[in-house]
Protein chains: 2
Amino acid sequence: MALEHALLVALRERPASGLELARRFDRSIGFFWHATHQQIYRVLARMEGDGWLTVRTVAQSGRPDKKEYDVSAAGREVLADWLAADTTVEPLRSELAVKLRAASYGDRARVRRLAEEHLAEHHARLAAYHRMAADQYPDPESLTGADRDRFLVLRGGVRLEEFWIGWLSEYLETTTEGQR
Amino acid sequence: MALEHALLVALRERPASGLELARRFDRSIGFFWHATHQQIYRVLARMEGDGWLTVRTVAQSGRPDKKEYDVSAAGREVLADWLAADTTVEPLRSELAVKLRAASYGDRARVRRLAEEHLAEHHARLAAYHRMAADQYPDPESLTGADRDRFLVLRGGVRLEEFWIGWLSEYLETTTEGQR
DNA sequence: GCTGTCATGTAACAGGTTACATGATTCG
DNA sequence: CGAATCATGTAACCTGTTACATGACAGC
């Protein structure tokens, strides 16, 4: 139970419609959380029912109306309470890791190729994050408050990609093409 | 859909009962996958029904009987097919990361303390993984096949903990106690 | 007219979590 | 005798995914 809270965070940063939230989840917030629009619509409806959000219908020129959600006073309280609550260390779930471990029960060369594909993808993501950092935070030293928090989470995204690149590189260097 | 496959991997390494698998998932395999015993029992039953596993009841002295599962020929084929299939890069889901980003909407000092607690936990895990590596793989250079694969996944566990330690340390150094 | 995008949703299903139940045995 | 461990499971619930549906407008 935390999509609610991730949505409260996103909406405190800026009120938005369901689709806008889904798009935002594929970028900034999405380093460490993800959700599809279907899931977001469902949860938004529940949150509105619980009084955590307010809605207003916004007419747009040349586009369908949208429902813009904002966090209510009750929602702010829920968010503050959640922030103060204990949080356990979640296990990372990686299908690729299971495959790396299992390589000897199938086509080892194929598993290597999967690792290479993932490595390329992580390189691309790292480059994208570096670009975001350069664009949005040209002077990190001077950041404060919510801006600094967002920058530091982007730093986490960078470091996570570096983790993958480091590990997969080690894997690929240690195992070699046509091996036992 | 991959708990099935993680279980096939675990059972190919060594036949086991449901509870033994649950315990194993909290260690070795569990760096990158996790499941509770309830979930494991449910999935084992389905896999047996699908003919991926064989079972035999093993009597034990001073303990209840256990059902020991092993992978059937059909199960081996399923595993090999899955290994060759494409795997997408999964997003990491971290409640703590969302809280770090949201610190300015609640008690910032409290969020810092959560980060400190997680940092301590990751230090402890890293130490445990280093101990495992030293105990189980005293001579990594000479490893081959499945042993080398298992070692390399343990290396991933080590690197993942280093990621957390690096990031949370950066976070704690950049934000300071009684700050805006 | 067709395709693509914006925008919101429903329905069915698969996967995962939490709580509880049972029964035997060992250990203090 | 009570608590802890071993072992297997059921039931209810919550979360997340996939597929599909609708309608309006923009651009080719």
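Residues numbered from 1 in each chain as written. Chains lettered and ligands numbered in written order. Predicted model: local features only at pLDDT ≥ 70, side-chain atom pairs only at ≥ 80, totals over all residues. Heavy atoms only, no water.

Student: Would you explain the overall build of chain A in this entry?
Tutor: In terms of helices and strands, chain A carries seven helices and two strands. Listing the helices and strands of chain A from first to last along the sequence gives α-α-α-β-β-α-α-α-α. The C-alpha radius of gyration computed for chain A amounts to 20 Å, which surpasses the reference 16 Å derived for 180 residues by more than 25%, pointing to a less compact arrangement than a globule. Structurally, chain A occupies a C-alpha span of about 60 × 45 × 40 Å along its principal axes. Across the 180 residues of chain A, 52% fall into the buried class. Here the contacts in chain A between residues at least 6 apart in sequence split such that 56% fall between residues at least 24 apart. Across chain A, the 26 positively charged side chains and the 28 negatively charged ones have centroids separated by 4 Å. (Helix = DSSP H or I, 4+ residues; strand = E, 2+ residues; numbered from the N terminus. Rg over C-alpha atoms; globule rule 2.2 N^0.38 Å. Buried < 20%, exposed > 50% of the residue type's maximum accessible area, 1.4 Å probe, protein only. Contact = heavy atoms within 4.5 Å. Lys, Arg positive; Asp, Glu negative; His and termini not counted. Charge placed at Lys NZ, Arg CZ, Asp CG, Glu CD.)

Student: It is not clear to me how the protein's contact with DNA strand D should be interpreted in this structure. Could you clarify?
Tutor: Near DNA strand D you find 22 residues, and of these Gln39 of chain A together with Tyr41, Gln60, Lys67 and Arg93 of chain B are the closest. Interatomic distance of 3.2 Å between a side-chain N/O atom of Gln38 of chain A and a base nitrogen of DNA strand D. Interatomic distance of 2.9 Å between a side-chain N/O atom of Arg42 of chain A and a base oxygen of DNA strand D. Elements represented by at least two residues in the surface near DNA strand D include exactly α3 (37-49) of chain A together with α2 (18-25), α3 (37-49) and β2 (63-71) of chain B. In terms of residue count, the dominant contributor to the surface near DNA strand D is β2 of chain B (five residues). Here the residues of the surface near DNA strand D are counted per class, giving five nonpolar, eight polar and nine charged. (Near = heavy atom within 4 Å. Polar contact = N/O pair within 3.5 Å; in protein donor to acceptor, adjacent residues only side chain to side chain. Nonpolar A, V, L, I, M, F, W, Y, C, P; charged D, E, K, R; others polar.)

Student: Please explain the interface of chain A and chain B as it appears in this structure.
Tutor: Note on interface size: it is often stated as the accessible area lost on association of the parts. Each partner contributes residues to the interface: chain A has 69 residues there, and chain B has 69 residues. For the pair chain A and chain B, the summed buried surface comes to about 7000 Å²; carbon and sulfur atoms form 60% of the total. Between chain A and chain B we count ten salt bridges in total. Here Arg159 of chain A ties to Glu170 of chain B by a salt bridge, and the two come within 2.8 Å at their closest N and O atoms. Linking chain A with chain B are 30 residue pairs in polar contact (both at pLDDT 80 or more). For the side of chain A that touches chain B, the element with the highest residue contribution is helix α7 (residues 145-174) of chain A, accounting for 17 residues. (Buried area = accessible area lost by both parts, 1.4 Å probe. Salt bridge = Lys/Arg side-chain N within 4 Å of Asp/Glu carboxyl O.)

Student: Explain the pattern of salt bridges to me, please; I cannot follow it from the model alone.
Tutor: When charged atoms on two side chains of opposite charge get close, those side chains can pair. Under the definition given, this model contains 24 salt bridges over all chains. Residues joined in a network through salt bridges with shared partners are Glu13, Asp147 and Arg150 of chain A together with Arg101 of chain B.

Student: I would appreciate a short explanation of the protein's contact with DNA strand C in the present structure.
Tutor: Within the structure, DNA strand C sits among 21 residues, and Tyr41, Lys67 and Arg93 of chain A together with Gln39 and Arg42 of chain B are positioned closest to it. Of everything in DNA strand C that lies within 4 Å of the protein, sugar and phosphate atoms constitute 56%. Between DNA strand C and Arg23 of chain A there is a distance of 3.0 Å, counted from a phosphate oxygen to a side-chain nitrogen or oxygen. For DNA strand C, a phosphate oxygen lies 2.5 Å from a polar atom in the side chain of Arg93 of chain A. Elements with a minimum of two residues in the surface near DNA strand C: α2 (18-25), α3 and β2 (63-71) of chain A together with α3 of chain B. The element contributing the most residues to the surface near DNA strand C is β2 of chain A, with five residues.

Student: Hey, could you run me through the relation of the copies chain A and chain B in this one?
Tutor: Copy one and copy two of the chain differ by a rotation about a common axis and a shift along it. Its rotation angle being 180°, the transformation that places chain A on chain B also includes 0.0 Å of axial translation and leaves an RMSD of 0.0 Å. Expressed as a symmetry operation, the mapping of one chain copy onto the other fits a two-fold axis. Most of the interface of chain A is mirrored in chain B: 100% of its interface residues are interface residues there too. (Least-squares fit on C-alpha atoms with pLDDT ≥ 70 in both.)

Student: Please clarify how the packing of aromatic side chains should be interpreted in this entry.
Tutor: The geometry of two aromatic rings is summed up by the distance between their centres and the angle between their planes. Summed over the entire model, instances satisfying the criterion amount to twelve aromatic pairs over all chains. Ring pairs connect the aromatic residues Phe32 of chain A together with Phe163, Trp164 and Trp167 of chain B, which therefore count as one cluster. Its guanidinium or amino end placed over the ring of Trp33 of chain A, Arg93 of chain B lies 4.9 Å from that ring's centre, counting from NZ or CZ. (Phe/Tyr/Trp six-rings, centres within 6.5 Å; stacked < 30°, edge-to-face > 60°. Lys NZ or Arg CZ within 6 Å of the ring centre and 35° of its normal.)

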